[in-house]
Amino acid sequence: MTISIWDKYTASHIYDSEIIWSGPNSNSLPLDCPIHIITAYNPFDQIFSFYENRCRNELLLVDIKNHSAEIKPVIVSSPNHDWQDESFAVHGISREQACDLAQSYDQRAIFELNHNQLIVVAVNSYQVKRSRPRNIE
């Protein structure tokens, strides 16, 4: 059975050097909700070099800062850490603004966090594709 890309996204863990934002034993969130998780890494499953991904994320960070939002760096990874993307947790922009930013970097999806859920949103339609409890066992 093939697992859909949306299911893979839904299984993602989000964390930084201090806390787990979403995944096993997740902590209280350090930003007000909703929080949008955005990256410019590896658009549509294309594998870019570390340097190219970093450059893309630096440009994304400038674009996010133009929205006067609160920003914290985070890592989004698969449960087994086979892949990890440097990303930004952003409070102070709408779902549509987050999707538009991500789409400008050829991303398929963003994450939205609230106190209880991790939500996967398709950037081209702003629609929720999947969700799960933010704290998973």
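Residues numbered from 1 in each chain as written. Predicted model: local features only at pLDDT ≥ 70, side-chain atom pairs only at ≥ 80, totals over all residues. Heavy atoms only, no water.

*Asks:* Mind showing me how you'd approach helix α2 (residues 50–65) here?
*Replies:* Residue pairs spaced three or four apart in an α-helix point in one direction, given the helix's 3.6 residues per turn. Here α2 is 16 residues long and its end C-alpha atoms lie 22 Å apart, about the 22 Å a rise of 1.5 Å per residue gives. Of all the residues in α2, the buried ones are Asn53, Arg56, Asn57, Leu60 and Ile64. Down the axis, α2 shows its buried residues gathered within 100° of arc, on one side only. Away from its buried face, by an angle of more than 90 degrees, α2 presents the exposed residues Tyr51, Glu58, Leu59 and Lys65. Contact partners of the buried residues in α2: β3 (35–38), β4 (70–77), β5 (84–91) and α3 (95–103). (Helix = DSSP H or I, 4+ residues; strand = E, 2+ residues; numbered from the N terminus. Expected span 1.5 Å × (residues − 1). Buried < 20%, exposed > 50% of the residue type's maximum accessible area, 1.4 Å probe, protein only. Arc of directions from axis to C-beta. Contact = heavy atoms within 4.5 Å.)

*Asks:* Is there a simple way to explain the pairing of strand β2 (residues 20–24) in this structure?
*Replies:* Where a strand is regular, its side chains alternate between the two sheet faces. Pairing analysis gives 2 bridges linking strand β1 (residues 13–15) to β2, with the strands arranged antiparallel. Bridge pairing in β2 links Tyr15 to Ile20. Remark: 4 residues form the turn of the hairpin made by β1 and β2, two consecutive strands paired antiparallel. Of the pairings in the sheet, the one linking β2 to strand β9 (residues 135–136) comprises 2 bridges and is parallel in character. (Pairing = 2+ DSSP bridges.)

*Asks:* When you look at the nonpolar core in this model, what are you seeing that I'm missing?
*Replies:* Soluble globular proteins: nonpolar side chains tend toward being buried together. Ile14, Trp21, Ile35, Ile37, Phe111 and Leu113 are the most contacted members of the largest nonpolar core, which totals 18 residues. Going through the elements one at a time, α1 (5–10), β3, β4, β6 (109–113) and β7 (117–122) are the ones with two or more residues in this core. If near-sequence neighbours (up to four positions away) are discounted, Ile37 is found in contact with Ile14, Val74, Val76, Ser87, Phe88, Ala89, Ile110, Phe111 and Leu113. Membership of the second largest hydrophobic core comes to 17 residues, among which are Val90, Cys99, Leu101 and Tyr105. (Core = buried A, V, L, I, M, F, W, Y, C linked by side-chain atoms within 4.5 Å.)

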